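Below are the chains, spelled out letter by letter.
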Amino acid sequence: MSKSNLSNVAQPDFAEVVHLITAARQHAYQAVNTTLIELYWQVGAYISNKIKAAEWGDGVVDALAKHLATTQPNLKGFTRRNLFRMRQFYEAYQDDKIVAPLVRQLPWTHNLTILSRSKVSEEREFYLRMSIQEGWSSRDLERQFNAALFERTVLQPPKVSAVLTQLHPEALNVFKDSYIVDFLSLPEQHSEADLHQGLLAKLKHFLLELGRDFCFVGSEYPVQVGKQDFALDLLFFHRGLNALVAIELKVDKFQPEHLGKLNFYLEALDRDHKKPHENPAIGVLLCASKDDEVVEYALSRSLSPAMIAEYQTQLPDKKLLQAKLHEFYLLNLAQEDGV
């Protein structure tokens, strides 16, 4: 067999072996992580129960940390501070039979970040599930906390057309009402070209902001209708929704007429570009700002699976959003009590 033929045969086979090795390593890492988290859980439970039973005081935990450091010099991660974290970790989730299994799927660093930065149990569960779903690194997780993703998700659900909800019910869990693009470092006054080129230059960051299942298809994607040529700003494909996602960019406030052009592109994609096994294309109009009432009116009669979102060039005021979320919970609680 010639070298060229050998190469043609070997490449797919070698790739499969690499895949097997990578999968095995990932499985082994996950198994080790699960065992480690389970150990921290058990240690935390033991300390918690001893203190609750008044058999131990905080000083005993200090003594335990010193004992472990002396008798197990190669053992890492069992300092006084970490031992108290293990206790807090156990006490936070011990009564939650639904959420408790999730913590074993994430590294200790992720668990500590979620535990220390979450204000309420709903927030902890949100970031646990999102970290698992999106495969966030510890840096990605920190960024989502800084971007107040939980507060924005609760307070500002995505504005979508009824058709999008009917065709893709799960879309509400995929799309956001606002996208944070602080990584572009755009000036307050910027053009559509600045935004477009910035997103392409920082495509990896933008894909992380969009979500895990988004795949980039093209920029200024050519669409020909009749004898005219058009260019769609950005085209993606979402694996979970099995649909093309067209994103049109606007650097000004949303206007109802913007939706007409997006609907036109969706029709062209469905007629001429969609594969037979794919679902109807989805449209996202990404604008600098929007009036929610205008958006509601514009989407109420839309026959296309479309949504209106805004982009933010700076991280939101997290304290302000937390205050609004607190008011939101109080209002809901008052309404429930009044029923």
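Just above sits the structure.
Residues numbered from 1 in each chain as written. Predicted model: local features only at pLDDT ≥ 70, side-chain atom pairs only at ≥ 80, totals over all residues. Heavy atoms only, no water.

Caption draft 1: Highlighting the environment of tyrosine 179. Within the secondary structure layout, tyrosine 179 lies in strand 2 (residues 178–180). Among the residues examined, tyrosine 179 registers a relative accessible area of 2% and is labelled buried. Not counting chain neighbours up to four residues away, the residues in contact with tyrosine 179 comprise Arg152, Glu209, Leu210, Leu286, Ala309, Glu310, Tyr311 and Gln312. (Helix = DSSP H or I, 4+ residues; strand = E, 2+ residues; numbered from the N terminus. Buried < 20%, exposed > 50% of the residue type's maximum accessible area, 1.4 Å probe, protein only. Contact = heavy atoms within 4.5 Å.)

Caption draft 2: Focus on the pairing of strand 4 (residues 228–238). Both strand 3 (residues 214–225) and strand 4 contribute to a ladder of 10 bridges, which runs antiparallel. Bridge assignment links tyrosine 221 to a residue of strand 4, and that residue is leucine 232. Between strand 3 and strand 4, which pair antiparallel one after the other, the connecting turn spans 2 residues, and glycine 226 there sits at a positive phi close to 65 degrees. Connecting strand 4 to the antiparallel partner strand 5 (residues 243–253) that follows it, the hairpin turn spans 4 residues, and asparagine 242 within it adopts a positive phi of roughly 55 degrees. (Pairing = 2+ DSSP bridges.)

Caption draft 3: Layout of the pattern of salt bridges. In total, this model carries 16 salt bridges according to the counting rule given. Its salt-bridge partner being arginine 129, residue glutamate 125 comes within 2.9 Å of it at the nearest N-O pair. Of this pair, glutamate 125 and arginine 129 both sit in helix 6 (residues 121–134), 4 residues apart, which is roughly one turn of the helix. The partly exposed category is assigned to glutamate 125, whose relative accessible area is 28%. In this structure, glutamate 209 and arginine 143 form a salt bridge, with 3.0 Å as the shortest nitrogen-oxygen distance. Pair noted here: glutamate 209 is in helix 11 (residues 203–210) and arginine 143 is in helix 7 (residues 138–146), with a separation of 66 residues, a long-range link. A residue is classified by how much of its surface remains accessible, and glutamate 209, at 1% relative accessible area, is buried. (Salt bridge = Lys/Arg side-chain N within 4 Å of Asp/Glu carboxyl O.)

Caption draft 4: Representation of the packing of aromatic side chains within the structure. In total, this model carries 17 aromatic pairs according to the counting rule given. For the pair phenylalanine 126 and tyrosine 127, a centre-to-centre distance of 5.1 Å together with 85 degrees between the ring planes defines the contact as edge-to-face. Between phenylalanine 175 and phenylalanine 214, the ring centres sit 5.9 Å apart and the planes meet at 70 degrees, which makes this aromatic pair edge-to-face. Separated by 39 residues along the polypeptide, phenylalanine 175 in the loop between helix 9 (162–167) and strand 2 and phenylalanine 214 in strand 3 bring together distant segments of the chain. Judged by relative accessible area, which is 4%, phenylalanine 175 ranks as buried. The class for phenylalanine 214 is buried, based on a relative accessible area of 5%. Linked through ring pairs, Tyr40, Trp41, Phe78, Phe89, Tyr90, Tyr93 and Trp108 together constitute an aromatic cluster. Sitting above the plane of the tryptophan 41 ring, arginine 104 keeps its charged end 4.7 Å from the centroid. Cation over ring: arginine 124 sits above tyrosine 93, and NZ or CZ is 5.4 Å from the ring centre. (Phe/Tyr/Trp six-rings, centres within 6.5 Å; stacked < 30°, edge-to-face > 60°. Lys NZ or Arg CZ within 6 Å of the ring centre and 35° of its normal.)

Caption draft 5: Region of interest: the packing of helix 2 (residues 58–71) against helix 3 (residues 80–93). The geometry of helix 2 relative to helix 3 is characterised by a closest axis approach of 9 Å and an angle of 125 degrees between their N-to-C directions. Taken together, helix 2 and helix 3 sit at an angle that is classed as oblique. Classified by chirality, the crossing of helix 3 by helix 2 is right-handed. Within the contact between the two elements, helix 2 uses Asp58, Val61, Asp62, Leu64 and Ala65 and helix 3 uses Arg80, Leu83, Phe84 and Arg87. By residue class, the composition of the contact of helix 2 with helix 3 is 5 nonpolar, no polar and 4 charged. (Axes fitted to C-alpha atoms, helices over the stretch in contact; angles between N-to-C directions. Parallel < 35°, antiparallel > 145°, perpendicular 65-115°, else oblique. Left-handed = near helix turned anticlockwise from the far one by under 90°. Nonpolar A, V, L, I, M, F, W, Y, C, P; charged D, E, K, R; others polar.)

Caption draft 6: Quick look at the environment of alanine 63. Tracing the chain through its elements places alanine 63 in helix 2. Classification of alanine 63 as partly exposed rests on a relative accessible area of 43%. The spacing of alanine 63 and arginine 80 is 17 residues in sequence and 8.6 Å in space, taken between C-alpha atoms.

Caption draft 7: Seen up close, helix 10 (residues 192–201). Looking at helix 10, one finds that the buried residues are Leu195, His196, Gly198 and Leu199. Around the axis of helix 10, the buried residues are gathered within 165 degrees of arc, so they sit on the same side. In helix 10, the exposed residues that point more than 90 degrees away from the buried face are Gln197 and Ala201. The elements touched by buried residues of helix 10 are helix 11, strand 3, strand 4, strand 5 and strand 7 (306–312). (Arc of directions from axis to C-beta.)

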